[in-house]
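Given next are the chains, with one letter for each unit.
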Amino acid sequence: MSAILDIKNLTVTLQQSPGVVPVLENLSFSVKAGKTIALVGESGCGKSMTALAIMGLLPDGFQIAGGSIALEGQDVAKLPGDALRQLRGNRMSMIFQEPMTALNPVYTVGDQISEALRLHQGLSRQTARERAIAMLRAVQIPAPERRIDAYPHQLSGGMRQRVMIAMALACRPRLLIADEPTTALDVTVQAQIFDLLREMQQDIGTAIVLITHDLSAVADITDEVAVLYAGRCIEQGPTATILNQPQHPYTRGLIASVPHLRLGLAAAQPSEALEEIPGMVPGLGKRGPLCGFAPRCRYSAGPCLEAPPPTTGTGSHQVACWHPQGEAA
Amino acid sequence: MSNDTLLEVNDLKVHFPAGRAGAFGQRLTVHAVDGVSFRVPRQSTFGIVGESGSGKSTTAQAIMRLAPITAGNIRLGETDLTTLRGDALRKARRHFQMIFQDPYSALNPRRRAGDLIREPLDLLEVGSADDRAERLESLLRVVGLPPEAAMLFPHQFSGGQRQRLVIARALSTQPDLIVCDEPVSALDVAIQAQILNLLKRLQRDHGLTYVFISHDLGVVQYLCDQIAVMYLGQIVEQAPSAQLFAGPRHPYTWSLMTAAAPPGGLRQSLKQRFSLRGEPPSPINPPAGCRFAARCPFADERCRKETPQLSVAGSGHFVACHKTEEVSAAGRSIMAAA
Amino acid sequence: MNTAPPVPPALTPANETVAIVRISPLRETFRLFVQNPTGMIGACLFGMILLLTLFGPTLYEIDPFDIAGAPFTSPDAEYWFGTDYLGRDILAGILVGGRATLTVGAVAAIITLAIGIAMGSLSGFFGGMLDTTLMKITEFFQVLPTLLFAMVLVTLFGASLQTITLAIGVVSWTGVARLTRAEFLRIRELDYVKAATAAGAGSSYTILRVILPNALPPIIVAAAFAIGISILFEGGMSFLGLGDPNVMSWGMMIGQNRNYALDAWWVVVMPGAAIFLAVLSISLIGDGINDALNPRLRKR
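Residues numbered from 1 in each chain as written. Chains lettered and ligands numbered in written order. Predicted model: local features only at pLDDT ≥ 70, side-chain atom pairs only at ≥ 80, totals over all residues. Heavy atoms only, no water.

A.B. asks: What is the right way to read the sheet that holds strand β4 (residues 62-71) of chain A from this model?
C.D. replies: Within a beta sheet, neighbouring strands are joined by backbone hydrogen bonds and run either parallel or antiparallel to one another. Residue and element names in this part refer to chain A. Ordered by their spatial adjacency, 4 strands build an open sheet running β2-β1-β4-β5, and the pairing between neighbours is antiparallel. The two strands at the open ends of the sheet, each matched to only one other strand, are β2 (19-32) and β5 (74-75). Where strand β1 (residues 3-16) meets β2, 10 bridges bridge the pair, whose relative direction is antiparallel. The residue of β2 that forms the bridge with Leu10 is Leu27. On top of the sheet, helix α1 (residues 47-55) reaches β1, β2 and β4; it is set at about 75 degrees to β2, its chief contact. (Pairing = 2+ DSSP bridges. Helix = DSSP H or I, 4+ residues; strand = E, 2+ residues; numbered from the N terminus. Contact = heavy atoms within 4.5 Å. Axes fitted to C-alpha atoms, helices over the stretch in contact; angles between N-to-C directions.)

Now the structure itself:
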């Protein structure tokens, strides 16, 4: 099966007063139909910028300086604005972190779902409304016939995110980008939303790019993980491999710095000290060609400070590091 | 009150008016906190977990005397905080301080970091001017910031550094109690660990007592000795940390644990039994009976009619549930199978 | 992997600590203001007007009340701005009248701000009954036709420059009060205000040291416009004959000459242009400050 989204050597730069600053460098990954890739990293790592680049929504001053973004073989990075607008909401769509600000408060949710259908699929008002009700039912909103005439503020946070998902999936897009879709929701609701996303994905066969800062929360629904650091992909591979045998010191640190819940018998033991990653992500324009993590890395030595790290690995598991940590560490 | 209890909260209620249902309708009241009692021993950490609307943050604000208290009382050591007013309250504040959730909004953007850290000292007139300058320097060192940081403005710091400033400020008056309201939820994961470790170290070095509010069970388990689980303004389960996570007795605690469990087979089987439908209902005029009944996978007729009382379920373990035997048995069998 | 960085290679410092640059919000705003063309044009224009008003009368030593030549002399080499219906030198009038006009503007604006900030901050901070009472008072002042009200005050207390200034201030503070109240209501809910309370701050400290400095930006902008509006107000009052006849001001010049405007355009156009330029320059400064306080808004 060929990939729905195939990104090769994507480089995004920011035009700043002293010159051009790289934001994303040589990013490559692909997602097949019905599969999910998670982009993981701290804020400032370029996760959201990647999403905006794919959608063609980069803010002013940012531009794609190299590489390609192929959506079913078509390079969207080179498409003019009109053609991109045709794709957005139709063949690719996006859901955001905060559904309250992503939904227009002066239209009913029905209007907002129907709009995409009428725009992209030329449906009549009546058919679009029926499809919108069907979508609300599909995202498990109770009494969709009544809720379709509700305004966003009349719904709870979880409901709003369901509406966002219904909107995003109304045109059965080939690609869905979800930017931290559950961060603003309660923990017991987060699980519901992830379950829903996966069900809808199996139904439609959409490829999903899931942006998150919490790897373990999304582990159940992702197939692959790409860890970003300071605008570069530093480790990539199947979810289970990344979670259980991370090799890059940053990935290992990221996993170890989250306090993992210990249940049952394990709960009786005292907590082990949390591992912390000192310092913070270097700002834009402070990133040289060398490993961006070296200043915070406890293993950095010798070659780390002399040359960019090589990308090594077996099969689908790739890591860009001079000192990848095997099982031993 | 035993000697080693620092904070005692008795039947605390915080109700807010929420307008009327229609122009001439019935008065609406938000029951944000509705009868909460607990004790926190000195130098320990008391965790409060729950979802939005559970009243955990309002409880924190009530302890800080930042929210109006409708009923109940709060004692800090020998002082009844509930009856303090005006200058007496202001003076008492040096003994209890707060760490806020969002370090971006908790620091006045117009003042320098140094002034912000010593503001409590200046306001409460603690020590001489020289003492305060000295104290500022040592506070910065304690939270891991360079002395030059004192001259900067909040916007010149990163999120993690700002939270260090907030912590330094809370420490300045050498309080007995620090109320932490979701102190790491606005921070990046890698930074969260730095702050959590700092809080742990400060507790050890300065003999602090924490009330720690969070929605993240992993964080709570890492830091807390006692944990109370709140739902719609009430404590539904409370136990020592180890005991709670070894075997919760309330279905809501189980569902929180399910959501936070490490990915894998156990999480999947817990989800089968304990995952919840719907969202927390509004705390405006909450329903009769068990407030959790509408979302509870175990609820029956009795739960919808009779309000369960918080009762003893083990040493230091309290639970408010009619079906606690059934719930614990279901949980135990899943944990045993894993 | 081919990395071709467009920037020169530089290692990030280990454990990137705080950058030791002391930028205060005030200085940053000033820097942005200086870089803002609108604001700087306004500032230069206003600077020129101010210099002419301060030093003009000593350089151009003609008494503006003296009859210097024939009435209605059109602008020429001797009388650059012409003479008015009594034959008084208009240029001299403008140079001397600037003092009164600008002083009225500034003092009236200060009164406006003082009343407005006091009402708005008390109302926004304490809320409840006090808020309701103060807002009713504000509404009372708001529904009165301002010009008419000011005229009544001046008629009652006499047309001296002091009463005119006071009247302008007393009728125009409502906007500032509402703005201040809105800012206080917004800022009052922010965590740093709670943090100040938790640190032991009392009401006056919280109002003056915590909330007010953060509420100032829009109020500063409003202050700039208040000066402009006060100058116009003084012009308008004088035009209606309610100016102080003993003090030369731009408004008075227009008021006394208004009947001859169609026959000798310069008698009103010259002082009118002075008012226009002064108000324009102050508005431009206001816009500049506004942009400097909202750098993100400016980029759009």
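From this point on, the discussion continues.
A.B. asks: Sorry if this is basic, but what is going on with a negative patch on the surface here?
C.D. replies: Residues and elements named next belong to chain B. Taken together, the side chains of Asp130, Asp131, Glu134 and Glu137 define an acidic patch exposed on the protein surface. Position of Glu134 among the secondary structure elements: in helix α4 (residues 129-142). Relative accessible area serves as the criterion here: at 61%, Glu134 is assigned to the exposed category. (Patch = residues over 30% accessible without salt bridge, like charges linked within 9 Å, V, L, I, M, F, W, Y side chains within 5 Å. Areas by Shrake-Rupley, 256 points an atom, 1.4 Å probe, with all protein chains shown as cover. Salt bridge = Lys/Arg side-chain N within 4 Å of Asp/Glu carboxyl O. Lys, Arg positive; Asp, Glu negative; His and termini not counted. Charge placed at Lys NZ, Arg CZ, Asp CG, Glu CD. Buried < 20%, exposed > 50% of the residue type's maximum accessible area, 1.4 Å probe, protein only.)

A.B. asks: How should I be thinking about the pattern of salt bridges in this particular structure?
C.D. replies: Think of it this way: side chains of opposite charge can pair up when their charged atoms draw near. One pass over the full model with this rule turns up 36 salt bridges over all chains. The partner of Glu72 of chain A in a salt bridge is Arg91 of chain A, with the nearest N and O atoms 3.3 Å apart. Residue Glu72 of chain A is located in the loop between β4 and β5, and its partner Arg91 of chain A is located in the loop between α2 (81-87) and β6 (92-95); the two are separated by 19 residues in the primary sequence. Its relative accessible area of 24% is what places Arg91 of chain A among the partly exposed residues. In this structure, Glu139 of chain C and Arg178 of chain C form a salt bridge, with 3.4 Å as the shortest nitrogen-oxygen distance. Here Arg178 of chain C lies in helix α7 (residues 174-188) and Glu139 of chain C lies in helix α4 (residues 128-143), a separation of 39 residues in the sequence. Residue classification places Glu139 of chain C among the partly exposed residues on the basis of a relative accessible area of 32%. A relative accessible area of 31% places Arg178 of chain C in the partly exposed class. A cluster of three or more residues bridged by salt bridges with shared partners is formed by Glu72, Arg91 and Arg174 of chain A.

A.B. asks: I would appreciate a short explanation of the packing of helix α3 (residues 90-126) of chain C against α7 of chain C in the present structure.
C.D. replies: Describing two packed helices takes the angle between their axes plus the distance from one axis to the other. Residue and element names in this part refer to chain C. Closest axis-to-axis distance for the α3/α7 pair is 7 Å, and the angle between their directions is 35 degrees. Our pair here, α3 against α7, has a crossing hand that is right-handed. Residue-level contacts link Thr112, Leu113, Gly116, Ile117, Met119, Gly120, Ser121, Ser123, Gly124, Phe125 and Phe126 of α3 to Val176, Ala177, Thr180, Arg181, Phe184, Leu185 and Arg188 of α7. Looking at the contact of α3 with α7, its residues break down into 9 nonpolar, 7 polar and 2 charged. (Left-handed = near helix turned anticlockwise from the far one by under 90°. Nonpolar A, V, L, I, M, F, W, Y, C, P; charged D, E, K, R; others polar.)

A.B. asks: Please explain the pairing of strand β3 (residues 36-40) of chain A as it appears in this structure.
C.D. replies: Regular strands place their side chains on alternate faces of the sheet. All names here are of chain A. In terms of burial, β3 is largely enclosed, as 5 of its 5 residues are buried. What you see with β3 is no split at all: Thr36, Ala38 and Val40 on one side and Ile37 and Leu39 on the other are buried throughout. Direction of pairing for β3 relative to strand β8 (residues 207-212): parallel, over a ladder of 5 bridges. Residue pairing for β8: Ile37 is matched across the bridge by Val209. Across 4 bridges, β3 lies against strand β9 (residues 224-229) in parallel orientation. By the bridge assignment, Ile37 is partnered in β9 with Glu224.

A.B. asks: Even after reading the chapter, I still don't get the nonpolar core, so can you show me in this structure?
C.D. replies: Within soluble globular proteins, side chains that are nonpolar tend to cluster in buried spots. Core analysis: the largest hydrophobic core is formed by 108 residues, its most contacted members being Leu7, Phe38, Ile63, Ile167, Leu177, Val211 and Phe245 of chain B. Per-element accounting of this core gives the leading share, 7 residues, to helix α6 (residues 189-206) of chain B. If we skip the residues at most four places from it in the chain, Phe38 of chain B touches Leu7, Glu8, Val9, Phe46, Ile48, Thr59, Ile63, Ile235 and Gln238 of chain B. Counting residues in hydrophobic clusters, the runner-up holds 99 residues, among them Ile95, Ile177, Val189 and Ala226 of chain A. (Core = buried A, V, L, I, M, F, W, Y, C linked by side-chain atoms within 4.5 Å.)

A.B. asks: What is the right way to look at helix α4 (residues 109-121) of chain A in this model?
C.D. replies: Quick reminder: α-helices carry 3.6 residues per turn. Residues three or four places apart thus point the same way. Residues and elements named next belong to chain A. Between its first and last C-alpha, α4 extends 18 Å over 13 residues, near the 18 Å set by a 1.5 Å rise per residue. Burial in α4 covers these residues: Val109, Gly110, Gln112, Ile113, Ser114, Ala116, Leu117 and His120. Check the buried side of α4 and you find it contacts α2, α5 (125-138), α6 (144-147) and α7 (157-169). Backbone geometry just downstream of α4 places Gly122 in the positive-phi region, at approximately 60 degrees. (Expected span 1.5 Å × (residues − 1).)

A.B. asks: So what exactly am I meant to see when it comes to the packing of aromatic side chains here?
C.D. replies: Two descriptors summarise a pair of aromatic rings, namely the distance from one centre to the other and the angle between the planes of the rings. Throughout the structure, instances matching the rule amount to 13 aromatic pairs over all chains. Judged by centre distance (5.1 Å) and plane angle (65 degrees), the rings of Tyr250 of chain A and Phe293 of chain A are edge-to-face. Of this pair, Tyr250 of chain A sits in helix α11 (residues 249-256) while Phe293 of chain A sits in the loop between α11 and β11 (311-314), and the two are 43 residues apart along the sequence. As far as the burial class goes, Tyr250 of chain A and Phe293 of chain A line up, both buried. Where Tyr252 of chain B meets Phe292 of chain B, the ring centres are 5.2 Å apart and the plane angle is 65 degrees; that geometry is what we call edge-to-face. Pair noted here: Tyr252 of chain B is in helix α9 (residues 251-260) and Phe292 of chain B is in the loop between α10 (265-274) and α11 (301-305), with a separation of 40 residues, a long-range link. (Phe/Tyr/Trp six-rings, centres within 6.5 Å; stacked < 30°, edge-to-face > 60°.)

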